[in-house]
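# Coordinate analysis (summary)
Here's the letter readout for the chains.
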Amino acid sequence: MASALRAQDRSLVNTSASPYSKLSSVDMGDVTWTNGFWADRFKVCRETMIPNLWRIYTDPKIGHAIQNFEIAAGLDTGSHLGPPFQDGDFYKLFEAVAAMYAVTHDPKLDTLMDRTIAIFAKAQRADGYIHTPTLIAERKDPKNTKAFEDRLNFETYNLGHLMTAACIHYRVTGKRNFLDVAIKATDYLYRFYKTASPELARNAICPSHYMGVVEMYRTTHDPKYLELAKNLIDIRGLMKDGTDDNQDRFPFRQQTAATGHAVRANYLYAGAADVYAETGDTTLMHTLNLVWNDVVNRKMYITGGCGALYDGASPDGTSYQLKDVQEIHQAYGRDYQLPNFTAHNETCASVGNVLWNWRMLQLTGDAKYADVMETTLYNGMLSGISLDGTKFFYTNPLSVNDDLPFRQRWSRDRVGYIGYSDCCPPNVVRTIAEVSNYMYNVSDKGLWFNLYGGNKLSTKLKDGSAIKLTQTTNYPWNGHIDIRFDGTTGKAFSVFLRIPGWCDNSTLIINGKPANIKLVSGKYAEITRTWLQGDHIELNLPMPVKLMEANPLVEEVRNQVAVKRGPVVYCLEGVDLPKGQRILNIALNNKSALKPQMTKISGSDMVSLSGMADVRKNSNWSNKLYQEVTLPDKAISIKLVPYYAWDNRGHTNMETWIPFVN
């Protein structure tokens, strides 16, 4: 049975009672955006992203998601349409609605959720099983339809997103109607794993259910759910036909590097971190630390994107036995294998990167995880959706050029509906709806500032002390952050301010006086005092334009630079070049002197960078592979825009890593 909700039980990821988690989240709804970057994105999410996706997913001629549940429930007739993971994607969209309701308390959203939950409950089998492709097939041919027969049917993936959405709905509404559906489904999964053959029990991909089952444990306190979560880790990698693509070729505790499908991998790592938070199993943390180091230092794009390869082999080039080589797709590649034109970087993998690093941050309080979260949120995740909130990328390459003589599977321009792989749109939309929940943490020592943006916070510390504050900033365009306490109980506690890893020479002023505190890049600065109403913190994070280079072992970007300012990665679009100039002829140099200036794209305010660049003469590369070097012969003015904002001004070429000449 779910217990009565307490403060910090209403959080997005509820680690308030997790014995091995250092930090806890504030409750959903405790943070309200006021103005600035995330306030703008949240407004578009409320007014356009969620309504647009809900229309698509309930349109019988496009998404057909709600119709699948109605047919499974016997409320309509017909066949299942869409991919087997469509249920899970609709649960993600439902979660976005619940997260939005936590802030707005819009009664129309409450009514919409109740109406939808009733259909879910009607579709669910009496034993708790719910998966519309199987349920619809079962109605037509009950003798030849069985659950969990095909590992590519995504049943546990869908159940995982159901569990997560149901927990969030319960926390923000206090209603049990969706939670009761989730309890029946989780009980079914528990019984299934108790009785299934070993081969069938291990027959699952894209393990969102690891996170879902742990969140069900945190919500209901039913010990069998934690037992199930631990068992899911223990049985992984014990099957004879396990694959690197699914991260189950070897037991989880024997894995030392990220392999295979990047979305499945990042979901797995997030789920394992959840299990560690409840059990303290150090063998799990050992693997997570090794894999995190592998991803961040060898396999992650500068945007936070994950999964370099459309298709590949694992192991690639290191085994003498061809029988050991397996196919992988949408996957992590070799160390330092980070192509630009052919980068896959599925948007869902970026979301998974946020989910994983958020959980690692909760466990440790280490700012390095917040750094990765911030990079991914502003770049690799946000590029997955257009500024107006209606079009989406499945993949996020770092360079795009029409001169390439081939086309890959996914559109190089954002589209309104991705079709058979529409998993990314609801994932990015729920993330934007939930960003406010990542801003702060609480611990036994006090209040943690993880991310920055204009907002008001009204929450309680771990000891129950009420606190209110206002954060005013134009971050990430300006590094000045103003924090004013609007209400405290007059008790002493610590404030932890994250000093981003990209920032040097930060300064801190408290009540008009410089603070005698050492500020270290990539760490939290702890300030302990009795905080009073009216106390004022000014944190200044300088944001010079930086030219970034990659490890020289990343051969795709040798002698090229990427441009960053603060947490934002920039790119060059062909639309910003003079007529007749080709993006492949542009080179930056140490005199480019890129300067920030405010601009607006598709109604959204942002900072662009303007400066000078060298240009080579146009060369005729028709039917040529090599030719003598041509040197730059003139300079032109250029403008760079944030990577997340590219492809919002029509079809154009784009480049993130730009040649550099001295």
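Here's a quick rundown of the structure.

Analysis parameters
- Residues numbered from 1 in each chain as written.
- Predicted model: local features only at pLDDT ≥ 70, side-chain atom pairs only at ≥ 80, totals over all residues.
- Heavy atoms only, no water.
- Axes fitted to C-alpha atoms, helices over the stretch in contact; angles between N-to-C directions.
- Helix = DSSP H or I, 4+ residues; strand = E, 2+ residues; numbered from the N terminus.
- Parallel < 35°, antiparallel > 145°, perpendicular 65-115°, else oblique.
- Left-handed = near helix turned anticlockwise from the far one by under 90°.
- Contact = heavy atoms within 4.5 Å.
- Nonpolar A, V, L, I, M, F, W, Y, C, P; charged D, E, K, R; others polar.
- Pairing = 2+ DSSP bridges.
- Core = buried A, V, L, I, M, F, W, Y, C linked by side-chain atoms within 4.5 Å.
- Buried < 20%, exposed > 50% of the residue type's maximum accessible area, 1.4 Å probe, protein only.

On to the packing of helix H3 (residues 86-104) against helix H15 (residues 424-434). At a closest axis distance of 8 Å, the pairing of H3 and H15 adopts a crossing angle of 20 degrees. By the angle between their axes, H3 is roughly parallel relative to H15. Judged by the twist between their axes, the crossing of H3 over H15 is left-handed. Mapping the contact onto sequence places Asp-89, Lys-92, Leu-93, Glu-95, Ala-96 and Ala-99 in H3 and Pro-426, Asn-427, Val-429, Arg-430, Ala-433 and Glu-434 in H15. A per-class count over the contact of H3 with H15 returns six nonpolar, one polar and five charged.

Turning next to the sheet that holds strand E4 (residues 309-314). The three strands are arranged E3-E5-E4 in an open sheet whose pairing can be described as antiparallel. Of all strands in the sheet, those with a lone pairing partner are strand E3 (260-261) and E4, marking the two edges. Strand direction decides the pairing type here: E4 and strand E5 (residues 326-332), joined by five bridges, are antiparallel. Pairing of Ala-313 across the sheet is with Glu-327, part of E5. Across the sheet, helix H11 (residues 262-279) touches E3 and E5, and the angle it forms with E5 is around 70 degrees.

Moving on: the nonpolar core. Residues Phe-178, Val-429 and Leu-497 are the most contacted members of the largest nonpolar core, which totals 220 residues. Leu-497 has contacts with Phe-449, Tyr-452, Ile-483, Leu-508, Lys-523, Tyr-524, Ala-525, Ile-527, Ile-537 and Leu-539, leaving out every residue within four places of it along the chain.

It is worth spelling out the pairing of strand E23 (residues 632-642) at this point. Judged from the three bridges that link them, strand E19 (residues 568-573) and E23 form a sheet pairing that is antiparallel. If you follow Leu-572 over to E23, its bridge partner there is Leu-640. Relative to E23, strand E22 (residues 604-616) runs antiparallel, the two being bridged by eight bridges. Bridge pairing links Arg-616 to Pro-632 in E23.

Another aspect to go through is the packing of helix H10 (residues 223-234) against H11. At their nearest, the axes of H10 and H11 sit 10 Å apart, and the two run at 130 degrees to each other. Comparing the axis directions of H10 and H11 gives the class oblique. The crossing of H10 and H11 is left-handed. Between H10 and H11, the contacting residues are Leu-226, Ala-229, Lys-230 and Ile-233 on the first element and Ala-272, Val-275, Glu-278 and Thr-279 on the second.

What follows concerns the environment of Tyr-91. Tracing the sequence through the fold places Tyr-91 in helix H3. Once the C-alpha coordinates of Tyr-91 and His-161 are considered, the two residues, 70 residues apart in sequence, prove to be 5.8 Å apart. Setting aside residues no more than four positions away along its own chain, Tyr-91 makes contact with Phe-69, Phe-120, Ile-130, Asn-158, His-161, Leu-162, Ala-165 and Phe-178.

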